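Working through the structure, step by step
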Amino acid sequence: MQARLAASDLACRRGERLLFRALSFEAISGSAIHIAGANGIGKSSLIRILAGLLRPFAGTVESDGAMGLVDERLALDQNLSLGKALAFYEKLDGCRDPGRAFDLLQLGPLMDVPVRYLSTGQKKRAALARLLNGNCPIWLLDEPLNGLDAQAVASVETLVAQHCDTGGIAVVASHQAMALPDVRTIDLAEYAA
Amino acid sequence: MSALATLLRRDLGLLLPGGRGGAGVLPLLFFLAVAMLYPFAVGPDAQLLARTGGGVIWVAALLAAILPLEKLVSGDLEAGVFDQLALRGVAEEWAMLSRLFAHWLAFAPLLLVATLPAAALLGLSGETTRTVLLGLLAGTPGLAAVGLAVAALTASLRGGAALAGLMVIPLAVPILIFGAGTLARPDPSGLLLTAAISLGLCALAPLAAGAAIKAARES
């Protein structure tokens, strides 16, 4: 996988507040970036700017490679069984072998359960399975550890590490510490306006 | 192209009666209820009913078209579905085009079928019924388009559903004027104008709705 993600001189304004400014970084294949900072400092906004879903107040984002996003919004049909809800994205992404991701995240027994009955952690694992099956080189993860138990946290850390090993890029916004090899930490407090 | 087909299949599953996210047969029952109430309200004057019944069916159809708007866009917007689609290169406009088609299929054909019992309740002649049916066939795509654009515009607002209902009514007036106008004139010009307005609205609505979804992200 070849990928690149570069941000230059980013600034983000929400309403009347300038959240951060003069933020630049470049990530090449195999790098992991941890975006740290307190609540409300702009971690989620930065992820959305990188994903192209939010326009930065200033600066530009350049990317080479498809992006996959996991954030607090599940985007799965609440009334469908998990298997069917995920199947929609598998078709969109052209994924032929979704089973491996389900095994890795221990979702197999949940496939027939309607999405609305899933717990917070199970929903998070479902979103991560969709990310894996999307096969994107650039991962944007917004608080991926929320609601996960210790075992699931470990398997997410392994997944991200494997993703970077195979040449992917991972940008993780989290207030929790995450054990990742060769991770570069960007503390948003240093860029606060 | 295959992405669009996948999208359409999901939208149909969501919106068609018996689906999991739409208004089901509620618009249909509402439409029939209005047709049933009208004779009670104005009395059993067969001539009056036959003369005004076509217009009543049109008004009932317009109001029934408002019912499914509440969940048409807001659910997916809140759930982040459009974000996931955008990351996969599916533009909001395409998503809205698919949604428009599914929305029309979910309420219009049933409404056309229900027009037959409604016409019988109001004592409409065969010819008037035919005119109403053709008019609704030409006009409902326009109603669906207006509804979709308004649903997308109000999706991120609190109490957006009630506002959507109010906003649809003035925007749907041209369709109503020409559509119901076909009942008063024997020539097909009203029908053609209704169809033309519908086509124009169907072309514009996905663009407007797509822009509304993008704007909602910034808020």
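Residues numbered from 1 in each chain as written. Chains lettered and ligands numbered in written order. Predicted model: local features only at pLDDT ≥ 70, side-chain atom pairs only at ≥ 80, totals over all residues. Heavy atoms only, no water.

Short version of the rule: UniProt positions are given in the numbering used here, feature names are shortened, and annotations may be inferred rather than shown by experiment.
In the annotation of an unreviewed UniProt entry, the entry for chain B reads Heme exporter protein B, and the organism field reads Qipengyuania nanhaisediminis. We quote the UniProt Sequence similarities (unreviewed entry) comment for chain B here in full: "Belongs to the CcmB/CycW/HelB family." Here chain B is described in UniProt, under the heading Subcellular location (unreviewed entry), as follows: "Cell inner membrane".

Named according to an unreviewed UniProt entry, chain A is Heme exporter protein A originating from Qipengyuania nanhaisediminis.

Observations regarding the overall build of chain A
Worth spelling out the cut-off: Secondary structure elements follow DSSP: runs of H or I of four or more residues count as helices, runs of E of two or more count as strands, with numbering from the N terminus. When we talk radius of gyration, it's over C-alpha atoms, and the globule rule is simply 2.2 Å times the number of residues to the 0.38. Relative accessibility decides the category of a residue: with a 1.4 Å probe and only protein chains considered, values under 20% of the type maximum give buried, values over 50% give exposed, and everything between is partly exposed. By definition in these notes, contact holds between two residues if any of their heavy atoms fall within 4.5 Å. Exposure was quantified through the Shrake-Rupley algorithm and a 1.4 Å probe, taking into account, for residues, occlusion by the shown protein chains and nothing else. By the counting scheme adopted, Arg and Lys are positive, Glu and Asp are negative, and His together with the chain ends is not counted. By convention, the point assigned to a charge is CZ for Arg, NZ for Lys, CD for Glu and CG for Asp.
Looking only at helices and strands, chain A features five helices and eight strands. What you see in chain A, going N to C, is helices and strands ordered as β-β-β-α-β-β-α-α-α-β-α-β-β. Taken over C-alpha atoms, the radius of gyration comes to 16 Å for chain A, in line with the 16 Å a tight globule of 193 residues would show. Considered along the principal axes of its C-alpha atoms, chain A spans approximately 50 × 35 × 30 Å. Across the 193 residues in chain A, those meeting the buried criterion constitute 53%. Counted over contacts in chain A with a minimum sequence separation of 6, partners at least 24 positions apart contribute 72%. Of the accessible surface of chain A, which amounts to about 8,700 Å², a share of 48% is contributed by carbon and sulfur atoms. A gap of 7 Å separates the mean positions of the 19 positive and 21 negative side-chain charges of chain A.

Focus on the sheet that holds strand β4 (residues 58–64) of chain A
All names here are of chain A. Note the threshold: Strand pairing is assigned whenever DSSP identifies at least 2 bridges connecting the two strands. For helices, the axis comes from a line fit to the C-alpha atoms of the stretch in contact; other axes are also lines fit to C-alpha atoms, and the angle between any two N-to-C directions lies between 0 and 180 degrees.
The strand order across the open sheet built from three strands is β2-β1-β4, with neighbouring strands paired in antiparallel fashion. Unpaired on one side and paired on the other, β2 (17–28) and β4 mark the two borders of the sheet. Direction aside, the axes of adjacent strands within the sheet are offset by 15° on average. Relative to β4, strand β1 (residues 4–14) runs antiparallel, the two sharing six bridges. Along β4, the bridge assignment pairs arginine 4 with aspartate 64. Against the sheet, helix α1 (residues 43–50) touches β1, β2 and β4, its axis set at about 130° to β1.

Here's the deal with the domain arrangement of chain A
Residues and elements named next belong to chain A. Inclusion rule: Annotation comment: domain bounds sourced from an automatic or database domain assignment. Note: buried area is the sum, over both parts, of the accessible area (probe 1.4 Å) each one loses when the two are combined. Each reported salt bridge corresponds to a side-chain nitrogen of Lys or Arg within 4 Å of a carboxyl oxygen of Asp or Glu. Pairs of N or O atoms are called polar contacts if they sit within 3.5 Å, as long as, within protein, a hydrogen donor faces a hydrogen acceptor (for residues adjacent in sequence, only side-chain-to-side-chain pairs). All residues other than Ala, Val, Leu, Ile, Met, Phe, Trp, Tyr, Cys, Pro, Asp, Glu, Lys and Arg, Gly among them, are scored as polar; the first ten of these are nonpolar and the last four charged.
Each assigned domain of chain A is listed with its residue range as follows: domain 1 (1–66 + 136–193) and domain 2 (76–135). For domain 1 versus domain 2, the separation of C-alpha centres amounts to 23 Å. Each partner contributes residues to the interface: domain 1 has 15 residues there, and domain 2 has 12 residues. A buried area of about 1,100 Å², summed over both sides, lies between domain 1 and domain 2, and 69% of it is on carbon and sulfur atoms. Looking at the side of domain 1 facing domain 2, the largest losses of area belong to Cys136, Trp139 and Leu159, adding up to 39% of the total buried there. The tally of links from domain 1 across to domain 2 stands at zero salt bridges. The tally of links from domain 1 across to domain 2 stands at two residue pairs in polar contact (both at pLDDT 80 or more). Secondary-structure elements contributing two or more residues to the side of domain 1 that touches domain 2 are β6 (138–142) and α5 (150–165). For the side of domain 1 that touches domain 2, the leading source of residues is α5, giving five residues. Looking at the side of domain 1 that touches domain 2 residue by residue, the classes come out as nine nonpolar, four polar and two charged.

Topic: the UniProt feature "transmembrane region" (unreviewed entry) in chain B
Residue and element names in this part refer to chain B. Residues annotated in UniProt with the feature "transmembrane region" (unreviewed entry) correspond here to residues 20–41, 48–67, 101–124, 131–155, 161–184 and 191–213. With 95% helix and 0% strand, residues 48–67 has its two end C-alpha atoms placed 28 Å apart. Between the end C-alpha atoms of residues 131–155 there is a gap of 35 Å, over a span that is 96% helix and 0% strand.

Points about the packing of helix α2 (residues 82–93) of chain A against helix α1 (residues 2–15) of chain B
Packed helices, taken two at a time, are described by their axes: the angle between them and the distance between them. Rules: When an angle is under 35 degrees it counts as roughly parallel; over 145 it counts as roughly antiparallel; between 65 and 115 it counts as roughly perpendicular; any other value is oblique. Crossing handedness is defined as follows: a turn of the near helix away from the far one that is anticlockwise and smaller than a right angle gives a left-handed crossing, while the clockwise case is right-handed.
In contact at an axis separation of 9 Å, α2 of chain A and α1 of chain B are set at 165° when each is read in the N-to-C sense. By the angle class used here, α2 of chain A and α1 of chain B are roughly antiparallel. Here α2 of chain A and α1 of chain B pass one another in a crossing that is right-handed. Side by side, α2 of chain A and α1 of chain B meet where Phe88, Lys91 and Leu92 of chain A of the first sit next to Ala3, Thr6, Leu7, Arg9 and Arg10 of chain B of the second. Class assignment of the residues belonging to the contact of α2 of chain A with α1 of chain B gives a composition of four nonpolar, one polar and three charged.

Let's talk about the interface of chain B and chain A
Counting from both sides, the interface comprises 21 residues of chain B and, opposite them, 20 residues of chain A. Regarding the contact of chain B and chain A, the summed buried area is about 2,000 Å², with carbon and sulfur atoms giving 53% of it. If you look at where chain B meets chain A, you find five salt bridges. With a shortest N-O distance of 3.6 Å, arginine 55 of chain A and glutamate 218 of chain B are connected by a salt bridge. At the surface where chain B touches chain A, the tally comes to nine residue pairs in polar contact (both at pLDDT 80 or more). Breaking the side of chain B that touches chain A down by element, the ones donating at least two residues are α1, α4 (74–79), α5 (81–87) and α9 (189–218) of chain B. Here the residues of the side of chain B that touches chain A sort into nine nonpolar, four polar and eight charged.

Focus on the UniProt feature "domain: ABC transporter" (unreviewed entry) in chain A
Per the UniProt entry, the sites bearing "domain: ABC transporter" (unreviewed entry) are residues 5–193 of chain A in this numbering. Within the segment residues 5–193 of chain A, helix and strand shares are 30% and 28% respectively, and the terminal C-alpha atoms sit 23 Å apart.

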